[in-house]
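Summary of structural features
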Amino acid sequence: MSKLRSLIAGAFAAGLLATAAMVPAAHAQEEQLPHENWSFNNLFGTYDLAAAQRGFQVYSQICSNCHSMQMLHYRDLAGIGLSPEQIKAVAAAVTVPQGVDDQGNPKEGPATPADEFRSPFPNPQAARAANGGALPPDLSLIVNAREGHANYVYGILTGFTNPPAGFKMQDGMHYNKMFPGHQIAMPQPLQDGSVDYTDGTPNNLAQEAHDVVTFLAWASNPELTERKQMGVRVILFLMVMTGLTYAVKRKVWADVEH
């Protein structure tokens, strides 16, 4: 019996050691999220409107082929600094459904600033059929919807690479070091030179990803700058009131103490 207990204790100890050895190895394979320097991150941070405008260009030319942004209207682009004339031009370049004609047939026409962003597919079924069964997520709130927020989305866009030796890929999947499980249905959307920036900004992969994530962060939190400004005003008000309250207290209790 004592030998049996010794064997069981030895096996248990060996198991613990093996488990302890496996844990660091598993964690070593995990990729850490990138930590980009976002203009909107700190207390007084605001959106880099030039980057957001370039990001809208990336979305329009690349991302919008698969991903919708159904919560945005073209008029909302005033929030990234586009003028009314620019917004009208952006909307007019897009064809959107406009009801039916006199014969009951669907008709389309140029969008107006009041229209929602055009969706690439008429319904989820069509989107799945065009993407091998995968449904591209709507990007209106994608930065808020993912843990890690802007850094996670940036990590996905820049995380495509070749799988390590021995890693078994499923059919139709693509290796991404940041995606959970590392297999993602979306092919790499951005490459160096995917878009041509008119302002002379380098159009490498890192810059394109940074710009489009800035745009998506704005789309998810268009009121962020106003919220921060309101918070600063509230803090300043409370500081002033605290000082006044302390001064009044000193004045009132000074007479009592004497």
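To keep things clear, this report deals only with the structure shown in the data block. (Residues numbered from 1 in each chain as written. Predicted model: local features only at pLDDT ≥ 70, side-chain atom pairs only at ≥ 80, totals over all residues. Heavy atoms only, no water.)

What follows deals with the packing of aromatic side chains. Under the defined criterion, the tally for this structure stands at 10 aromatic pairs. Pairing F40 with Y47 gives two aromatic rings, centres 5.3 Å apart and planes at 45 degrees, and the pair type is tilted. One exposure class covers both F40 and Y47, and it is buried. An aromatic cluster is present here, built from F56, Y59, Y74, F117, F215 and W218 joined pairwise through their rings. Here R54 stacks its cationic end above the ring of Y197, 5.7 Å away from the centre of that ring. (Phe/Tyr/Trp six-rings, centres within 6.5 Å; stacked < 30°, edge-to-face > 60°. Buried < 20%, exposed > 50% of the residue type's maximum accessible area, 1.4 Å probe, protein only. Lys NZ or Arg CZ within 6 Å of the ring centre and 35° of its normal.)

Across its 13 residues, helix α2 (residues 49–61) extends 18 Å between first and last C-alpha, which sits within 8% of the 18 Å expected from 1.5 Å per residue. Considered for burial, the residues of α2 that qualify are A51, A52, R54, G55, F56, Q57, V58 and Y59. Tucked into the core, α2 has its buried residues touching α3 (84–92) and α7 (205–220). Where α2 begins, one side-chain oxygen reaches toward the backbone nitrogen of A50, 3.2 Å away; that side chain belongs to D48. (Helix = DSSP H or I, 4+ residues; strand = E, 2+ residues; numbered from the N terminus. Expected span 1.5 Å × (residues − 1). Contact = heavy atoms within 4.5 Å. Polar contact = N/O pair within 3.5 Å; in protein donor to acceptor, adjacent residues only side chain to side chain.)

What follows is about the state of the cysteines. With the rule as written, the count across this model stands at 0 disulfides. Free cysteine C66: the closest other cysteine sulfur is in C63, separated by 9.0 Å. (Disulfide = S-S within 2.5 Å.)

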